[in-house]
Amino acid sequence: MNELIRSIYEAGLGKFFYDLFFVLGFVSVLVGLVWYGKKLGFPLWKTAVTVFIVYPLVVLWMFVMFWMESGFSTWGGNNIVRIFIYVPLIGMPVARLLKLDGKKTLALLSFAPLLVHGVSHFGCIFFGCCSGYPCSFGIYNAFYQEIRFPIQPIEALTAVAIVIYLFYRAKKRNYIPDGREYPLMLVLFGSTRFLFEFLRNNEKMFWGISNLALHALFMFVVGLVWLIVHNKKVLKKEKES
């Protein structure tokens, strides 16, 4: 595997594979959400329109956030960890416009960031845009020209594992959302990504915590508070009934 990565980079194809996985990330979202949207009873065209509107706006917001965080000096920052909590803020107005059920739309959108991350992040292996620390095992990093801890595939596979769990949970519920899908995703991904950030070699701000670790922590907190508030509302309704 490491020889393959080295050969791809030396052939000048690293960026090509990086971009290819980025495109595959979008394809995975489109296919995955159309399939799940069908389970939720959404017309195919409405799910597709939702993806084609929400996805570009979310990506744009991701770049804008990085631009603001860099003091308006650098455009880029292709890392979707920044935007997990903002997807509903962009997606729900679109759902209203298309007259889609809000709870079902949130359940649908809970898969989108994970599918992107679970597929697109494999492209980071070939272009060295992020890496773990040097170690005796792992993945060859062309930028540093050495073996580094394989944090990219670990992060991607974790996202895939959460997707599988959420799909399994949805199937057990006969694809009837209970409103916990999105906050549960935030808690699961936010907590794991916060821990993974300590294994990445990106710049730390304080106590070994990076900028993206703070985004992940914020994601976790938002998801946890969301779940607590939701559960209290459910208990209150049960007592009233």
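Right above here is the structure, for reference.
Residues numbered from 1 in each chain as written. Predicted model: local features only at pLDDT ≥ 70, side-chain atom pairs only at ≥ 80, totals over all residues. Heavy atoms only, no water.

## Observations regarding helix H9 (residues 181-196)
For clarity, the threshold we go by: Numbering of helices and strands runs from the N terminus, with a helix taken as a DSSP run of H or I at least four residues long and a strand as a DSSP run of E at least two residues long. What a helix should span is 1.5 Å times the count of its residues minus one. Remark: exposure states derive from per-residue accessible area (1.4 Å probe, protein chains only) relative to the maximum for the residue type, with buried under 20%, exposed over 50%, and partly exposed in between. Only heavy atoms matter for contacts: two residues are in contact if any of them lie within 4.5 Å across the pair.
Between its terminal C-alpha atoms H9 stretches 22 Å, which fits the 22 Å expected from 16 residues at 1.5 Å a residue. Of all 16 residues in H9, 12 are buried; the element is thus mostly enclosed. Those residues of H9 that sit buried are Glu-181, Tyr-182, Pro-183, Leu-184, Met-185, Leu-186, Val-187, Phe-189, Gly-190, Arg-193, Phe-194 and Phe-196. Packed against the buried residues of H9 are helix H4 (87-97), helix H5 (102-109), helix H6 (112-120), helix H8 (151-172), strand S4 (209-210) and helix H10 (211-240).

## Here we look at the packing of helix H2 (residues 14-39) against H6
Threshold: Axis definition: a line fit to C-alpha positions, over the contact stretch in the case of helices; interaxial angles, taken between N-to-C directions, run 0 to 180 degrees. Crossing handedness is defined as follows: a turn of the near helix away from the far one that is anticlockwise and smaller than a right angle gives a left-handed crossing, while the clockwise case is right-handed. Polarity classes work like this: nonpolar for Ala, Val, Leu, Ile, Met, Phe, Trp, Tyr, Cys and Pro, charged for Asp, Glu, Lys and Arg, and polar for all others, with Gly in that last group.
Contact geometry of H2 with H6 gives a least axis separation of 8 Å together with a crossing angle of 145°. Crossing of H2 over H6 shows right-handed handedness. Where H2 abuts H6, its residues Phe-21, Phe-22, Leu-24, Gly-25, Ser-28, Val-29, Gly-32 and Leu-33 lie against Ala-112, Leu-115, Val-116, Val-119 and Ser-120. The residue inventory of the contact of H2 with H6, partitioned by class, reads 9 nonpolar, 4 polar and no charged.

## So, the layout of surface pockets
To be explicit about the condition: The way it works is a 1 Å grid over only the protein atoms, where trapped points that fit a 1.4 Å probe form a cavity and open points with protein on both sides within 12 Å along at least five of seven lines form a pocket, and then any residue with an atom within 4 Å of a point lines it. Grid points are joined across faces, edges and corners, and a volume is the space filled by probe spheres set on the points.
By volume, the largest pocket is sized at about 590 Å³. If you trace the largest pocket, you find 24 residues lining it, with Phe-66, Arg-82, Arg-200, Asn-202 and Leu-212 closest to the centre. Elements with a contribution of two residues or more to the lining of the largest pocket: helix H3 (44-69), strand S3 (204-206) and H10. Here the lining of the largest pocket is built from residues that sort into 8 nonpolar, 11 polar and 5 charged. Of the voids in this model, the second largest pocket is the one considered here, and its volume is about 280 Å³. As for the second largest pocket, its lining consists of Lys-103, Leu-106, Gly-179, Arg-180, Glu-181, Tyr-182, Trp-226, Val-229, His-230, Lys-233, Val-234 and Lys-237. Of all elements in the fold, only H5, H9 and H10 reach the threshold of two or more residues within the lining of the second largest pocket.

## Quick word on the environment of Asn-211
The topology assignment puts Asn-211 in helix H10. A C-alpha to C-alpha distance of 9.2 Å links Asn-211 and Glu-197, two positions 14 residues apart in sequence. Beyond its immediate chain neighbours, meaning those up to four positions away, Asn-211 contacts Glu-69, Arg-82, Glu-203 and Met-205.

## Focus: a nonpolar patch on the surface
How we decide: Patches here are clusters of residues that have more than 30% relative accessible area and form no salt bridge, with a 9 Å joining cutoff for like charges and a 5 Å cutoff for nonpolar side chains (Val, Leu, Ile, Met, Phe, Trp, Tyr). Surface accessibility follows the Shrake-Rupley procedure with a 1.4 Å probe radius. Residue values consider only the protein chains on display as shielding. Only one rule defines a salt bridge in this text: a Lys or Arg side-chain nitrogen within 4 Å of an Asp or Glu carboxyl oxygen.
Among the surface-exposed residues, Met-205, Phe-206, Trp-207, Leu-214, Leu-217, Val-221, Val-225 and Val-229 lie close enough to one another that they form a single nonpolar patch of about 760 Å² accessible area. For the nonpolar patch, the secondary-structure elements that each account for two or more residues are S3 and H10. Element by element, the count of residues in the nonpolar patch is highest for H10, at 5 residues. Its place among the elements puts Phe-206 in strand S3.

## Let's talk about unusual backbone geometry
One non-glycine residue, Asn-174, lies in positive phi territory at about 55°. By the secondary structure assignment, Asn-174 is in the loop between H8 and H9. Of note, Tyr-175 is a non-glycine position whose phi angle comes to about 60°, a positive value. Looking at where Tyr-175 falls in the secondary structure, it is placed in the loop between H8 and H9. Among the residues examined, Tyr-175 registers a relative accessible area of 17% and is labelled buried.

## What to know about the pattern of salt bridges
Going through the model one piece at a time under the given rule, you end up with 11 salt bridges. With its nearest N and O atoms 3.9 Å apart, the salt bridge here joins Arg-173 to Asp-178. Judged by its relative accessible area of 32%, Arg-173 is partly exposed. Among the residues examined, Asp-178 registers a relative accessible area of 11% and is labelled buried. When salt bridges with common partners are traced through the structure, they connect Arg-169, Arg-173, Asp-178, Arg-180 and Glu-181 into a single cluster.

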